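Okay, here's what each chain looks like letter by letter:
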Amino acid sequence: MTYLVTMLRYEIVDVFTGRAYSGNPLAVVYGAENLTAKQMQQIAAEFNLSETSFVLPPSTDEADYRARIFTPVKELPYAGHPSVGTAVMLAAHGDIPTGQVVQECDAGLLSITVDGEFATLTGAEPTLGDGLDPAPLLAAVGLESHDLAGVPRRAGTGLEFTYLPVRDDAVARARSHPRDDVPMVYLFSWDYDRSHVHARLFAPGVGVPEDPATGSAALGLGVYLVAEGQLAADGESSYYVEQGGEMGRPSQLECTVRAEAGKAMSVTVRGQVLKVARGELVALP
């Protein structure tokens, strides 16, 4: 097999954490404009992280850069921790300014505000689905009907997730039992008094057995919480998500949602990014 001569620079960063080797690891690959989608997918499979972000020039003057995001098995329209991590690293290298920037991705143009090691991502247009049958969702995470704490629904901000509200003690007890009809499920407990979420994401259908921090799911959760009356129907509310503790990679996601008449209008997620490694790789032909 013949390899391309060009070496690609990459960095590994931990996202949604203030401590290295926790949070959600991300590979950021620079100078990816000459890669095909197949090559990007092969590189993402090689890293075998929940996501790998490939940086390209934007195709529109409205964006500062373009990112393509891959799990080990498929491309995503966008994702939270790759968007936050990529923006912070590009700003650290001087490739984009600090402050508000625009990332182009398959979900459209997303606003990100970069402040040092932190970035705040605003999700795309909120979407909300009807209630779902909890039985297959509970079976997919090894829980029973008495663990259920609300109505499961799909929601998102450019990337939809299935939300399964459960009792707090059930979150730690959950175990993934992959099913063809449940490619991913975001289970969580909600503390109304503290606006605090304890969450886990199992996504075997996209090659991610469990994700330590899921920014795009935290965004969609705001849509869900407003619809279920757990956050204010009008104005801006804040909520805080903890995820990844069961994996030994604790993560912290700070979120806000702005609502009007009981409907989420925009959602943000903020987190810290730490660089832990860098290197070079070759692209496959």
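Remember, predicted model here, so these are calculated numbers, not experimental data.

1. Quick look at the pairing of strand β17 (residues 263-282)
Each regular strand shows side chains that alternate between the opposite faces of the sheet. When strand β1 (residues 7-15) meets β17, the two strands line up antiparallel, connected through 9 bridges. Bridge pairing links Met-7 to Val-282 in β17. As paired elements, strand β8 (residues 118-122) and β17 share 5 bridges and run antiparallel to each other. Bridge pairing in β17 places Ala-119 opposite Gly-271. Joining the antiparallel neighbours strand β16 (residues 251-260) and β17 is a turn of 2 residues, in which Ala-261 adopts a positive phi near 55°.

2. Quick notes on unusual backbone geometry
With a phi angle near 65°, Phe-16 is a residue other than glycine that sits in the positive phi range. The backbone phi angle of Ser-195 is positive, close to 50°, even though this residue is not glycine. Counting through the fold element by element, Ser-195 comes out in the loop between β12 (185-191) and β13 (196-203).

3. Describing the side chain of Asn-24
Relative to the helices and strands, Asn-24 is located in strand β2 (residues 24-29). Here Asn-24 falls in the buried class, since its relative accessible area comes to 0%. A polar atom in the side chain of Asn-24 sits 2.6 Å from the backbone oxygen of Ala-213. When near neighbours in sequence (up to four residues on either side) are disregarded, Asn-24 contacts Val-13, Asp-14, Val-15, Ser-50, His-81, Asp-211, Pro-212, Ala-213 and Ser-251.

4. Observations regarding the pattern of salt bridges
All chains considered together, the criterion is met by 14 salt bridges. As a salt-bridge pair, Glu-254 and Arg-270 come within 3.3 Å of each other at their nearest N and O atoms. Of this pair, Glu-254 sits in strand β16 while Arg-270 sits in strand β17, placing them 16 residues apart in sequence. Overall, Glu-254 belongs to the partly exposed group, its relative accessible area being 38%. Judged by its relative accessible area of 26%, Arg-270 is partly exposed. The residue Arg-258 makes a salt bridge to Glu-260 at a minimum N-O spacing of 3.1 Å. By relative accessible area, Glu-260 is classed as partly exposed at 41%.

5. A few points about the pairing of β8
Side chains Ala-119 and Leu-121 of β8 all project onto a buried face; the interleaved residues Phe-118, Thr-120 and Thr-122 project onto a face where none is buried. The pairing of strand β7 (residues 108-115) with β8 spans 4 bridges and is classified as antiparallel. Opposite Ile-112, over in β8, you have Leu-121 as the bridge partner. Hairpin connection from β7 to β8: 2 residues lie between these consecutive antiparallel strands, with Gly-116 at a positive phi of about 65°.

Basis of the calculations
Each chain has its residues counted from 1, running along the sequence as written. In keeping with the predicted nature of the model, local features appear solely for residues at pLDDT of at least 70, side-chain atom pairs appear and are counted solely at 80 or more, and the whole-chain, interface and lining totals rest on all residues. Side-chain figures throughout are based on the complete set of non-hydrogen atoms in the structure, without hydrogens or water. Only strands that DSSP links by at least two bridges are regarded as paired with each other. Here a helix means four or more residues in a row that DSSP labels H or I, a strand means two or more in a row labelled E, and each is numbered from the N terminus. We call a residue buried when its accessible area falls under 20% of the maximum for its residue type, exposed when it is over 50%, and partly exposed in between, using a 1.4 Å probe and counting protein chains only. Under the rule applied, a polar contact is a pair of N or O atoms within 3.5 Å (in protein, one hydrogen donor and one hydrogen acceptor; residues adjacent in sequence only if both atoms are side-chain atoms). Any pair of residues with heavy atoms lying within 4.5 Å of one another is described as a contacting pair. Salt bridge, as used here, is a side-chain nitrogen of Lys or Arg placed within 4 Å of a carboxyl oxygen of Asp or Glu.

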